[in-house]
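Results of the structural survey
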Amino acid sequence: MSLENKVIEKMKVSLNGKILEASNPRARRIFVKVKPEAFKDAVKFLVEDLNVKHLSTITGMDLGEKIELIYHFAFQGAISISLKVDVPKESPRIPSIVNLVPGAILYEREVHDVLGVNFEGHPDLSRLILPEDWPEGVYPLRKEYSPEDLRKLLSKNGGKS
Amino acid sequence: MEANPRMGYGSIIKIPFGPQHPALKEPEHFTFEVEGNIIVDVKPRLGYNHRGIEKAMEVRTYIQNIYLAERICGICSDAHTTCYCQAIEELLGVEAPPRAKYIRVIIAELERIHSHSLWVGIAAHEIGFDTLFMHVWRDRETIMDILEFISGNRVHYAMNTIGGVRRDISSDMIPKIKKGLDFLEERIKDYIKIIETDPTIRKRTVNVGVLKPKDAIELCAVGPTLRASGIKNDVRKDDPYAAYDEIPFNVITNDGCDVFARIIVRCEEMLESVNMIRYALDNLPSGRLRVRVPLAVPAGEVVSRVEAPRGELIHYARSNGTSRPERYKIRSPTLGNIPALCKMLLGQHVADIPIVLAGIDPCFACMDRIAIVDTKTRKRRVMNFEELRRFSQRWRKTH
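Bear in mind the structure is a predicted one, so any value in this text is a computation, not a measurement.

1. Some details on the overall build of chain B
- Within chain B, the regular secondary structure consists of 14 helices and 10 strands.
- Classification of the 399 residues of chain B by burial places 51% in the buried group.
- Sequence-distant contacts in chain B: of pairs separated by 6 or more residues, those separated by 24 or more amount to 69%.

The structure is reproduced here in structure tokens:
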């Protein structure tokens, strides 16, 4: 069995039915989707049991009703493990992983900025990339805003279109 | 602000740093809290150059996005298109021909030499060693000429396309490229000798901006910043792409953990790159340059990683069966290094801010106006970056 499959099997055993889907599309790539309640355990398993220390980034994605978060970890620097979890778009919240992976600090802030996901327990969720005068509650990477809408918003706020 | 009880020197002063500075590449802002001359806290504020490229990519076709990806960065433009093109190739289920993969390696390594030598020049400038800065940048022109000779361009080479590369390196071009490489190899060896022996450089960089291996790993540092803390981690070796699995090379590390180690790692990486380009030129497979691909991309998702000059670059793409991506995520190496940068700045002297900041080779680093505000007296003094640089050199001469 390949190392990638072994990792998936170990995760399945550890998370005991909380995995929604797992795939290994090619060498060194793993995608695993977990239930929101099992998310923190999944990260704990990766960091503590598999000794995965490197988080490459967090991708946030607007799926309409839900926001999908994808945590891109690197196992032994080589195998990219993408851990996915859905949060409702109505009230998007997920526990922060900064205590487990200190390097996640800016990635969580970035997703909070552009998609409005609330990372519970994050030490400082102040704005990271959006300007100070950006209107509250407008999350530019959500699908309801087209680039034209955002351009209009910016010019209304005194920015250049 | 209240007096700091920890060290008893009196007030903590906040120094806003940035965001505008025309001499460096992109704007950036940091708030430094200093006590006396020592930094006790750093808060980064990014986004001054946020152009909304991820959003823009969602409304453009895959072909248009090659050009957009090329323009994410003016230094590592090739790293971004390589990452982008191989992501879309994977979604399409096609592979670039072997010759294209070798050409991708050649361009990527030329870009690494140009980026690292640009950086060595800037680092020398930050510590006031302008002679070295001038020499390195003069020699860097050799690389720029080679890149222009191959691609027709100095900055945006536009070599990559989905399915392969757009221009060939013919056999009659090889001697000229090799001649340039021979010259550069000599020069780089010379620089290493100068850097290792010059007391000025050592004094300004040894034990400055220390990043311990444990912190480097925990804060998810990448690239030469990570390798200069002794961690052997390189996407080219760990997760090979293009032709990196066929080309022999060493991953350079250094246990120094300071700015000096970061200089040495980058210089030695340049020598590795010279050898890799030579090997790739000697073993360039024959065959076509690209495969034709359809405009619409089947639904799927892919993670693409590349070792850019500054470290791990990661792109994530999700397609929906149309000719435009559903979502495209980009994380450039500099963002990955900012938590580590904040860590290395703690406990440093104000005078060392420029060189420690430059130490991660930031692709943003713009520090134009620096207002020093004494929160007790409410007096405000504004320094521009040049003044801070001079101040830093003056201060260092007397301390």
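Moving on from the coordinates now.
2. Observations regarding the sheet that holds strand E3 (residues 54–62) of chain A
Residues and elements named next belong to chain A.
- Read across the open sheet, the five strands follow the order E1-E2-E5-E4-E3; overall the sheet is mixed. Across the chains shown, the open sheet's two edge strands, defined by having one partner strand only, are strand E1 (19–26) and E3. On average, adjacent strands in this sheet sit at an angle of 20 degrees to one another, irrespective of strand direction.
- Here 10 bridges tie strand E4 (residues 66–75) to strand E5 (residues 79–88), and the two strands are oriented antiparallel to one another. Within E5, the residue paired with glutamate 68 across the bridge is aspartate 86.
- Together, E1, strand E2 (29–34), E4 and E5 form the strand contacts of helix H1 (residues 3–15), whose direction differs from that of E1 by roughly 175 degrees.
- Seen against the sheet, helix H3 (residues 105–115) touches E3 and E4 and runs at an angle of roughly 10 degrees to E3.

3. With respect to unusual backbone geometry
All names here are of chain A.
- Positioned with a positive phi, arginine 28 is a non-glycine residue whose angle comes to about 65 degrees.
- Among the structural elements, arginine 28 can be located in the loop between E1 and E2.
- Despite not being glycine, glutamine 76 has its phi angle at roughly 55 degrees, a positive value.
- Take glutamine 76: it is sitting in the loop between E4 and E5.
- Assessed through the 15 C-beta atoms surrounding it within 10 Å, glutamine 76 is described here as partly exposed.

4. Quick notes on the sheet that holds strand E8 (residues 325–331) of chain B
All names here are of chain B.
- Strand order across the open sheet formed by three strands is E6-E7-E8, with antiparallel pairing between neighbours. Every interior strand has two partners, whereas the edge strands, strand E6 (300–308) and E8, have only one. The sheet shows a mean angle of 15 degrees between the axes of neighbouring strands, taken without regard to direction.
- In the sheet, strand E7 (residues 311–319) pairs with E8 via six bridges, with the strands oriented antiparallel. In the sheet register, isoleucine 314 faces E8, and the bridge partner there is arginine 331.
- Strands E6 and E7 of the sheet are contacted by helix H3 (residues 77–92), whose axis makes an angle of about 150 degrees with E6.

5. A look at the interface of chain A and chain B
- Chain A puts 26 residues into the contact, and the matching count from chain B is 27 residues.
- For the side of chain A that touches chain B, the secondary-structure elements that each account for two or more residues are E3, E4, E5, H3 and helix H4 (147–156) of chain A.
- At six residues, the largest contribution of residues to the side of chain A that touches chain B is made by E3 of chain A.
- Split into classes, the residues belonging to the side of chain A that touches chain B amount to 14 nonpolar, nine polar and three charged.

6. Quick notes on the pairing of E8 of chain B
- When you tally the buried positions in E8 of chain B, you get six out of seven residues, the bulk of the element.
- Joining the antiparallel neighbours E7 of chain B and E8 of chain B is a turn of five residues, in which glycine 321 of chain B adopts a positive phi near 95 degrees.

7. Considerations on the pairing of E1 of chain A
Residues and elements named next belong to chain A.
- Taken together, the five bridges between E1 and E2 define a ladder with antiparallel strand orientation. What sits directly across from serine 23, in E2, is phenylalanine 31.
- Turn length for the E1-E2 hairpin, with the two strands adjacent in sequence and antiparallel, is two residues, and the turn residue arginine 28 shows positive phi of about 65 degrees.

8. Regarding the packing of H3 of chain B against helix H4 (residues 98–126) of chain B
Residues and elements named next belong to chain B.
- H4 packs onto H3 with a crossing angle of 145 degrees between their chain directions and a minimal axis gap of 9 Å. For the pair H3 and H4, the crossing hand works out as left-handed. Along its contact with H3, which presents Asp78, Ala79 and Thr82, the element H4 presents Arg104, Ile107, Ala108 and Glu111.
- For the contact of H3 with H4, the class distribution of residues is three nonpolar, one polar and three charged.

9. Considerations on the domain arrangement of chain B
Residue and element names in this part refer to chain B.
- Along its sequence, chain B is organised into domain 1 (12–49 + 346–398) and domain 2 (53–201 + 284–331).
- Taken together, the contacts link eight residues of domain 1 with 10 residues of domain 2.
- Among the secondary structure elements, those contributing two or more residues to the side of domain 1 that touches domain 2 are helix H13 (353–359) and helix H14 (385–398).
- Per element, the largest residue contribution to the side of domain 1 that touches domain 2 is three residues, and it comes from H13.

10. What about the nonpolar core?
- By size, the foremost hydrophobic cluster in this structure holds 152 residues, and its most contacted members are Ile81 of chain A together with Ile88 and Val105 of chain B.
- Ranked by the residues each element gives to this core, the list is headed by H4 of chain B, at 14 residues.

11. Things to note about H4 of chain B
- If you check H4 of chain B, its first and last C-alpha atoms are 42 Å apart, about what 29 residues at 1.5 Å a residue would give, namely 42 Å.
- With 27 of its 29 residues buried, H4 of chain B lies for the most part within the structure.

Calculation notes
- Residues numbered from 1 in each chain as written.
- Chains lettered and ligands numbered in written order.
- Predicted model: local features only at pLDDT ≥ 70, side-chain atom pairs only at ≥ 80, totals over all residues.
- Helix = DSSP H or I, 4+ residues; strand = E, 2+ residues; numbered from the N terminus.
- Buried ≥ 20, exposed ≤ 12 C-beta atoms within 10 Å, placed from the backbone.
- Contact = placed C-beta atoms within 7 Å.
- Pairing = 2+ DSSP bridges.
- Axes fitted to C-alpha atoms, helices over the stretch in contact; angles between N-to-C directions.
- Nonpolar A, V, L, I, M, F, W, Y, C, P; charged D, E, K, R; others polar.
- Left-handed = near helix turned anticlockwise from the far one by under 90°.
- Domains from an automatic or database assignment.
- Core = buried A, V, L, I, M, F, W, Y, C linked by C-beta atoms within 7 Å.
- Expected span 1.5 Å × (residues − 1).

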